[in-house]
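# Geometric and topological summary
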Number of protein chains: 2
Amino acid sequence: MLEELKELKELKELLQEKKFANLKEYLEKVNSADIPSFFEDMNIEETIIMYRLLSKEKAAEVFTELDPEVKERLIGALTDKELKEVMDELYMDDTVDLIEEMPSNVIKRILKNIDKEDRKLINELLNYPEDSAGSIMTTEFVDLKENMTIEECFKKIKKEGMDKETIYTCYVLSLTRKIVGVVGLKDLLLADKNKKVSEIMYTNVITIGTYEDQEDVAKKFDKYNKYALPVVDNETRLVGIITIDDAIDVMQEEAEEDFEKMAAVIPSEESYFKTSVFTHTKNRIIWLLVLMISSAITGTVITKYENAFAAIPLLVSFIPMIMGTGGNCGSQSSTLVIRGLAVEEIKLKDWLKVLWKEVRVALVVGVLLFVVNSAKVYLEYRDLKLCITLGVTLVSTIIVSKSIGSLLPIIAKKLKQDPAIMAAPLITTVVDLCSIMLYFNIATIIMGI
Amino acid sequence: MLEELKELKELKELLQEKKFANLKEYLEKVNSADIPSFFEDMNIEETIIMYRLLSKEKAAEVFTELDPEVKERLIGALTDKELKEVMDELYMDDTVDLIEEMPSNVIKRILKNIDKEDRKLINELLNYPEDSAGSIMTTEFVDLKENMTIEECFKKIKKEGMDKETIYTCYVLSLTRKIVGVVGLKDLLLADKNKKVSEIMYTNVITIGTYEDQEDVAKKFDKYNKYALPVVDNETRLVGIITIDDAIDVMQEEAEEDFEKMAAVIPSEESYFKTSVFTHTKNRIIWLLVLMISSAITGTVITKYENAFAAIPLLVSFIPMIMGTGGNCGSQSSTLVIRGLAVEEIKLKDWLKVLWKEVRVALVVGVLLFVVNSAKVYLEYRDLKLCITLGVTLVSTIIVSKSIGSLLPIIAKKLKQDPAIMAAPLITTVVDLCSIMLYFNIATIIMGI
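Residues numbered from 1 in each chain as written. Chains lettered and ligands numbered in written order. Predicted model: local features only at pLDDT ≥ 70, side-chain atom pairs only at ≥ 80, totals over all residues. Heavy atoms only, no water.

## Section: the side chain of Glu140 of chain B
All names here are of chain B. Structurally, Glu140 can be placed in the loop between α11 (133–136) and β1 (143–145). Here Glu140 falls in the buried class, since its relative accessible area comes to 15%. Reaching out from Glu140, the side chain makes a polar contact with the side chain of Thr138 at a distance of 2.8 Å. (Helix = DSSP H or I, 4+ residues; strand = E, 2+ residues; numbered from the N terminus. Buried < 20%, exposed > 50% of the residue type's maximum accessible area, 1.4 Å probe, protein only. Polar contact = N/O pair within 3.5 Å; in protein donor to acceptor, adjacent residues only side chain to side chain.)

## Observations regarding the environment of Ser271 of chain B
Tracing the sequence through the fold places Ser271 of chain B in the loop between α16 (244–262) and α17 (277–303). Of note is the side chain of Ser271 of chain B, whose polar atom sits 3.2 Å from the side chain of Glu345 of chain A.

## Brief notes about a nonpolar patch on the surface
Together, Tyr378, Leu384, Ile388 and Val392 of chain A make up an exposed nonpolar region whose accessible area comes to about 350 Å². The dominant element in the nonpolar patch, judged by the number of residues it contributes, is helix α21 (residues 384–414) of chain A, at three residues. (Patch = residues over 30% accessible without salt bridge, like charges linked within 9 Å, V, L, I, M, F, W, Y side chains within 5 Å. Areas by Shrake-Rupley, 256 points an atom, 1.4 Å probe, with all protein chains shown as cover. Salt bridge = Lys/Arg side-chain N within 4 Å of Asp/Glu carboxyl O.)

## Quick look at the nonpolar core
Among soluble globular proteins, nonpolar side chains are generally buried collectively. Formed by 160 residues in total, the largest nonpolar core has its most connected members in Leu188 of chain A together with Leu188 of chain B. Those residues in contact with Leu188 of chain A that sit more than four places away from it in its chain are Leu144, Ile150, Cys153, Phe154, Ile157, Cys170, Val183, Val197 and Ile200 of chain A. One finds Leu288, Val361 and Val377 of chain A together with Phe309 of chain B within the second-largest nonpolar core, a separate group that totals 66 residues. (Core = buried A, V, L, I, M, F, W, Y, C linked by side-chain atoms within 4.5 Å. Contact = heavy atoms within 4.5 Å.)

## Digging into the relation of the copies chain B and chain A
By a simple turn and slide, chain B fits onto chain A: the slide is 0.0 Å along the axis, the RMSD is 0.1 Å, and the turn is 180°. Both chain copies can therefore be described as sitting about a two-fold axis. A high fraction, 100%, of the interface residues of chain B reappear at the interface in chain A, so the copies pair face to face through one surface. (Least-squares fit on C-alpha atoms with pLDDT ≥ 70 in both.)

## With respect to the sheet that holds strand β5 (residues 228–232) of chain B
Residue and element names in this part refer to chain B. What the three strands build is an open sheet, ordered β4-β5-β6; its pairing is mixed. Edge strands, defined here as strands with exactly one partner in the open sheet, are β4 (208–209) and β6 (238–243). In the sheet, β4 pairs with β5 via two bridges, with the strands oriented parallel. Following the sheet pairing, Ile208 is matched in β5 by Val231. (Pairing = 2+ DSSP bridges.)

## Section: the packing of aromatic side chains
Overall, the coordinates contain 15 aromatic pairs over all chains when judged by the stated rule. Seen from their ring centres, Tyr168 of chain A and Tyr168 of chain B are 4.1 Å apart, and the 5° between their planes marks the pair as stacked. You can see Tyr168 of chain A sitting in the loop between α12 (150–160) and β2 (169–173) and its partner Tyr168 of chain B sitting in the loop between α12 (150–160) and β2 (169–173), one on each of two chains. A residue is classified by how much of its surface remains accessible, and Tyr168 of chain B, at 11% relative accessible area, is buried. Aromatic pair Tyr272 of chain A and Phe273 of chain A: ring centres 5.3 Å apart, planes at 75°, arrangement edge-to-face. Grouping residues by exposure puts Tyr272 of chain A and Phe273 of chain A together as buried. Three or more aromatic residues link up through ring pairs in this structure, and these residues are Tyr305, Phe309, Tyr439 and Phe440 of chain A. Positioned over the ring face of Phe259 of chain B is Arg339 of chain A, at 4.0 Å from the centre of the ring. (Phe/Tyr/Trp six-rings, centres within 6.5 Å; stacked < 30°, edge-to-face > 60°. Lys NZ or Arg CZ within 6 Å of the ring centre and 35° of its normal.)

## Some words on the side chain of Ser295 of chain B
With respect to the helices and strands, Ser295 of chain B occurs in helix α17. Ser295 of chain B has contacts with Pro320 and Met321 of chain A together with Thr429 of chain B, leaving out every residue within four places of it along the chain.

## Here we look at empty space enclosed by the protein
For the coordinates displayed, the defined rule picks out seven cavities of 30 Å³ or more. By volume, the largest cavity amounts to about 400 Å³. Around the largest cavity, the lining is made up of 29 residues, and of these Asn328 and Thr428 of chain A together with Gly327, Asn328 and Thr428 of chain B lie nearest the centre. Listed by contribution, the elements that provide at least two residues to the lining of the largest cavity are α17 (277–303), α19 (319–342) and α22 (424–446) of chain A together with α19 (319–342) and α22 (424–446) of chain B. When residues in the lining of the largest cavity are grouped by element, the largest group, seven residues, is from α19 of chain B. Taken together, the residues of the lining of the largest cavity sort by class into twelve nonpolar, 15 polar and two charged. (1 Å grid on protein atoms, 1.4 Å probe; cavity = no way out; pocket = protein on both sides within 12 Å on 5 of 7 lines; lining within 4 Å. Points joined across faces, edges and corners; volume = space filled by probe spheres on them. Nonpolar A, V, L, I, M, F, W, Y, C, P; charged D, E, K, R; others polar.)

## Quick word on the interface of chain B and chain A
Taken together, the contacts link 109 residues of chain B with 109 residues of chain A. Both sides together, the interface formed by chain B and chain A hides about 9,900 Å², and carbon and sulfur atoms give 68% of it. Three residues stand out in chain B for area buried against chain A, namely Phe259, Tyr272 and Phe273 of chain B, and they jointly supply 8% of the buried area on that side. Summed over the shared surface of chain B and chain A, the result is six salt bridges. (Buried area = accessible area lost by both parts, 1.4 Å probe.)

## Topic: the sheet that holds β2 of chain A
Residue and element names in this part refer to chain A. Taken together, the three strands give an open sheet; going across it, the order is β1-β2-β3, and neighbouring strands pair in mixed fashion. The open sheet terminates on both sides in strands that have one partner only, identified here as β1 (143–145) and β3 (179–184). Pairwise comparison of adjacent strand axes, ignoring direction, gives a mean angle of 35° for this sheet. Of the pairings in the sheet, the one linking β2 to β3 comprises five bridges and is antiparallel in character. Residue pairing in the sheet places Thr169 in a bridge with Gly184 of β3. (Axes fitted to C-alpha atoms, helices over the stretch in contact; angles between N-to-C directions.)

## A short note on a negative patch on the surface
Taken together, Glu69, Glu72, Asp97, Glu100, Glu130, Asp249, Glu269 and Glu270 of chain A together with Asp222 of chain B make up a surface patch of like negative charges. When contributions to the negative patch are tallied by element, the ones reaching two or more residues are α6 (68–77) and α8 (92–101) of chain A. Residue position: Glu270 of chain A is located in the loop between α16 (244–262) and α17. (Lys, Arg positive; Asp, Glu negative; His and termini not counted. Charge placed at Lys NZ, Arg CZ, Asp CG, Glu CD.)

## Notes on the packing of α19 of chain A against α21 of chain A
Axes are the key here: two packed helices are described by the angle between their axes and the distance separating the axes. Residues and elements named next belong to chain A. The contact between α19 and α21 brings their axes to 8 Å, and the two run at 30°. Here α19 lies roughly parallel to α21, going by the angle between them. The two elements α19 and α21 meet at a crossing, and its hand is right-handed. Packed against α19, whose contacting residues are Met321, Ile322, Thr325, Gly326, Cys329, Gly330, Gln332, Ser333, Ser334, Val337, Ile338 and Leu341, the element α21 presents Leu390, Thr393, Leu394, Thr397, Ile398, Ser401, Lys402, Gly405, Ser406, Pro409, Ile410 and Lys413 at the interface. Counted by class, the contact of α19 with α21 contains eleven nonpolar, eleven polar and two charged residues. (Parallel < 35°, antiparallel > 145°, perpendicular 65-115°, else oblique. Left-handed = near helix turned anticlockwise from the far one by under 90°.)

Here's what the structure looks like:
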């Protein structure tokens, strides 16, 4: 952090003193991924000067890493010739991402500065549904023909390789462009130059369909440990590839979404600060409303037991403890089950196994909390009946809440809903209602109200 | 899924009919990552027959993917010669992982079947602290000398390449083994054979220290989009590399841990079913105890207001709604801030910016919930004072809980604690106390109790 600040100060000094040659040299040494953070604290004039000092290749690398606003301002400041240079260097999937996040007037200028052929491809890519494999793939890959020799393969790779996002995995196609094999650059390198590529390729190719969901794509990367996977159409013709860095982005996006769902926030792709107060409100209000109204049901149930707490007002003071413990137990179980379902360790047919595990855990947890709570309450109030009431309530609440917490996500999945909908807040609200009913019923019986 | 079942049935048939040649052919066609799932439903005799039919390379690939128990049983069934073959094929980091998860008698047999030289390396790797870069790196990489020509480089790569986990990034070392540059196989391929590697290498190398935390390693992969990064000791001598697939495992492990922390579960690396009831209890009980005892404080506070709800028992029935809404608002804010801190979008110095955003969101959310709740309560009870009491409580609870929810994670980070400790359950408990005090104080004033 401190080092970065020092670097930024040096940069600004060079800029103010107009030592552009030194600055250029300096920028060439810095990694592309570190440059966007320098731009954050600069005005647009400084940014554009700095940007023009970057080499062509580096300029494109830096460009993809910038925030959308900075991109937009930069495009506004670049000449058509400069913009065309940037666009030529960008990978196809990055261009598509750019177009998706820019306003329409900027898109027009971008499209004007892209080759006709590329424009056609981009339009095709833009037509795939959001979150489909087609929408995240790139069309830059090395395709070899099955009758090529290794030597011919290398010629093709060397000729085209510079432009391709990854050349380390090459795809072997039949004459009708159907994918018939895959070969790593490593294997090509170690093979006899005169062999046919079809002799050394792997024919057991893992492919992705263009309309496959990006979450399934990420799972395939995780399972098969590949750096790139080919995307094929209905007739197994190769149409694109997805590289591992895009798969990582998807994994992180999905984890981020799950975190937000767990906190009763509607997932959004925007970052915290860039989301407006209005959008933040919109993402949070629905669940708050739903949960407020459903907790009112618990309130209504409480009014039914007015007699109980009119007789023994002390009972009210244990409501937070009972509800809190029930809610926490339920959300522990639901989170573990939701994660287990997500990583496919828990399957639908395992519901009884899960329930059996949770009930046993609940029993042990319940007894432990019972002991601690009874000791505390007895020392404070010397009331054995109260201790028993609270203890029985605790144990039964914990068993009920762990059962509900573990089963509801499985039921949601069975009904083809996202199990994450059963995350902590909703489970807590459901469990609250059960705990209150258990509590007052048990109290009524044991304390004889 | 259905397809997998069909495949499994076919496999078992071939096995029972002892058609080993067909079975061998069949297994050769299946991807290594798909084979472990077949083993799940087989007994150890069937497993060992199947395993022996795999090619040497495939056997090693399948082996790393197996569950620890299956690995252990398989090692028990293999002859020393077979075990040595598997060990020879395994990458160094996979061997280390294996040793870390096996019981000591199995480790002894494994070490006996590893070359002396490798054994020394493994011991070094085992000495790095858990979760450090050293503990996840592999020692198999291609190192070039800076005075080599491209042609000499290719000779070395072809000679050694077969054994290396990745040959797509090569590291260029000085005579003292200090890292001076990095070069992609792609650049080597496209360069003039007679050039020196030092002319085409990148000198701006991103490195990882051996003792760097694995979480920081994962962040570097995410930031710099590399397939492999070099690990260096204090004197920048190359000691190992980390490949992107290991970085992905770290990212997923860390996300998993955060999910568990959010649900008040102490993170464990074991999967759901493999964790015993005892361990499940151990991982969950501490937080439950802490939260139970702290919610008892809220209970004690409630007893102070016995007069209020003795006068108006209806007040009790709104406790779940007030506490629930406060808790949900607080956990929304804390989750978003914890994630923002984790991805480094939110920095410590931004606390005022975060607070200002949360307060504005709280105001809008508060007013909306106020309106809905007032309408509902007025229609039900026709009591204006009650509506105002609840409304004022709601708005102030929401503001307080969103402020607490957003600031506590930042404070935790400032105190060098994990911000995730301030996840939903703890925030909820803190917020509960505040909401109850606000509620009864506001009620006392407005309703004139």
